[in-house]
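Next come the chains, spelled out residue by residue.
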Amino acid sequence: MTGAEGVQEQRAADVYEAALQPRRGGRVLRSARLLAAFAAELAWGLLPQPSLSDVVVTRREDGREVLRVAAGDPNVPGEMLALVHQHLADLTPAAFLAEWGAEEPV
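Residues numbered from 1 in each chain as written. Predicted model: local features only at pLDDT ≥ 70, side-chain atom pairs only at ≥ 80, totals over all residues. Heavy atoms only, no water.

Here the focus is helix H3 (residues 78-90). For H3, with 13 residues, the first-to-last C-alpha span of 18 Å sits near the 18 Å given by 1.5 Å per residue. For H3, the complete set of buried residues consists of Leu 81, Val 84, His 87 and Leu 88. Burial along H3 is one-sided: seen end-on, the buried residues are contained in an arc of 125 degrees. Elements that come into contact with the buried residues of H3 comprise helix H1 (12-15), strand S1 (16-22), strand S2 (53-59) and helix H4 (93-100). (Helix = DSSP H or I, 4+ residues; strand = E, 2+ residues; numbered from the N terminus. Expected span 1.5 Å × (residues − 1). Buried < 20%, exposed > 50% of the residue type's maximum accessible area, 1.4 Å probe, protein only. Arc of directions from axis to C-beta. Contact = heavy atoms within 4.5 Å.)

Okay, here's the thing in structure tokens:
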């Protein structure tokens, strides 16, 4: 995509990167989430499954966290990561932050 002067606009993917990380919390909380996910699986999907991972977006320059969202269904956490990667590739940094309701770290 080019701007009015023919200069290439910067993509959010040039500034930020996204990865899956375990959800925050201690060992007991992580174990409880895993147990809840197992119980929900046994209930044939009648219970909502807790997310076991977060999609974390960080600045490439200094590694500071910009955004953290639950990855969703523990069976397919890559779906949320793929959506974030698509937005990083398609949007400018400012548009990405606005789309996800994130703020640039100070």
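This part is about the packing of aromatic side chains. Both the distance between ring centres and the angle between the ring planes are used here to describe each pair of aromatic rings. Using the criterion set out here, one finds two aromatic pairs in the structure. Aromatic pair Phe 96 and Trp 100: ring centres 6.3 Å apart, planes at 40 degrees, arrangement tilted. In this pair, Phe 96 and Trp 100 both sit in helix H4, four residues apart, roughly one turn of the helix. Judged by its relative accessible area of 0%, Phe 96 falls in the buried class. A connected cluster of aromatic rings, assembled from ring pairs, spans Tyr 16, Phe 96 and Trp 100. (Phe/Tyr/Trp six-rings, centres within 6.5 Å; stacked < 30°, edge-to-face > 60°.)

In this section: the pairing of S2. Extensive coverage of S2 is indicated by the burial of seven of its seven residues. Alternating residues of S2 divide into Ser 53, Val 55, Val 57 and Arg 59 and Asp 54, Val 56 and Thr 58, and every residue in both groups is buried. Across seven bridges, S1 lies against S2 in antiparallel orientation. Residue pairing across strands places Ala 19 opposite Val 56, the latter belonging to S2. Relative to strand S3 (residues 65-70), S2 is paired through five bridges, and the arrangement is antiparallel. Its bridge partner lying in S3, Val 55 is registered against Val 69. (Pairing = 2+ DSSP bridges.)

Attention now goes to the packing of H3 against H4. Relative to each other, H3 and H4 sit at 145 degrees, their axes nearing to 9 Å. Of the residues in H4, those in contact with Met 80, Leu 83, Val 84, His 87 and Leu 88 of H3 are Phe 96, Glu 99 and Trp 100. The residue makeup of the contact of H3 with H4, split by class, is six nonpolar, one polar and one charged. (Axes fitted to C-alpha atoms, helices over the stretch in contact; angles between N-to-C directions. Nonpolar A, V, L, I, M, F, W, Y, C, P; charged D, E, K, R; others polar.)

Interpretation note: all reported values are geometric properties and have no functional meaning in isolation.
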